[in-house]
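# Coordinate analysis (summary)
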Amino acid sequence: RKHSMAFRDAPSFWIAYARQLVEDGLWEELRRVALQMRGPSRARDFLAALSFYFEGKAELGLQRPFSAATAFRKMSGLDFHPAPLGLTVSADLLQAGFAEAARNVLLGLTNELAGEPKYWTLLFRVAVELKDEALMLSAGAQAHQLRPADRTLANDYAAALLIQRRQPTDAIKLTLSLFAQN
């Protein structure tokens, strides 16, 4: 806390500090730090999305889910830096029951993480949770295209094809190939 002013322009300081507060369960302090991250500094724009995430985490820790949801909604349209951090945040949001917020973060990362199977797999899981069949199909297709030999991704893609009632021949081929491998 005593170094927060000295390092206010260093995003890595804020990230490490906030993570420590989460680990220690210091929710009031985490909320204060999240608000401070949005204060005047050169790193403010870099930290804006992350500050709302940590504010939401603090609100959850304080048993205020509606306030947490509001903070998570404020992340929409803001960029996560670096992009893999946004992936971690999205996975945490999904696990905490905020699939819509996770989807919004992930969709903002598409250009930077389009070549990452982990990205598409997480987006697929989010789509399943939201029952968003179109997103399920596109995420499943992208993940399968990046790793065609991965049986889990092939199964996910086949399931999305069946749910969407598209390309039934491909869905059957994928499903039969999975059975053949067992």
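Rules of the game
- Residues numbered from 1 in each chain as written.
- Predicted model: local features only at pLDDT ≥ 70, side-chain atom pairs only at ≥ 80, totals over all residues.
- Heavy atoms only, no water.
- Helix = DSSP H or I, 4+ residues; strand = E, 2+ residues; numbered from the N terminus.
- Buried < 20%, exposed > 50% of the residue type's maximum accessible area, 1.4 Å probe, protein only.
- Contact = heavy atoms within 4.5 Å.
- Areas by Shrake-Rupley, 256 points an atom, 1.4 Å probe, with all protein chains shown as cover.
- Axes fitted to C-alpha atoms, helices over the stretch in contact; angles between N-to-C directions.
- Parallel < 35°, antiparallel > 145°, perpendicular 65-115°, else oblique.
- Left-handed = near helix turned anticlockwise from the far one by under 90°.
- pLDDT = per-residue confidence, 0-100.

### Side note on the overall build of the protein chain
- A tally of helices and strands in the protein chain yields 11 helices and 0 strands.
- Starting at the N terminus, the α and β elements of the protein chain follow one another as α-α-α-α-α-α-α-α-α-α-α.
- Taking all 182 residues of the protein chain together, 42% fall into the buried category.
- Considering only residue pairs separated by 6 or more positions, the protein chain has 50% of its internal contacts joining residues 24 or more positions apart.
- As presented, the protein chain carries roughly 10,200 Å² of accessible surface, and 53% of it is formed by carbon and sulfur atoms.

### Quick word on unusual backbone geometry
- A cis amide bond, omega -15°, links histidine 81 with the succeeding residue proline 82.
- The residue proline 82 is located in the loop between α4 (65-73) and α5 (83-95) in this model.

### Quick look at the packing of helix α1 (residues 11-24) against helix α2 (residues 27-37)
- Orientation of α1 relative to α2, taken along the N-to-C sense of each, is 160°, at an axis distance of 9 Å. In terms of orientation, α1 lies roughly antiparallel with respect to α2. When the axes of α1 and α2 are compared, the crossing they make is left-handed. Only Trp27, Glu29, Leu30, Arg32, Val33, Gln36 and Met37 of α2 make contact with α1, whose side of the interface consists of Trp14, Tyr17, Ala18, Leu21 and Val22.

### Some details on the confidence of the model for the protein chain
- For the protein chain, the mean per-residue pLDDT works out to 86, and 84% of the residues sit at or above 70.
- Helix α8 (residues 117-130) holds the highest mean pLDDT among the elements of the protein chain, 97, whereas helix α11 (residues 168-181) holds the lowest, 64.

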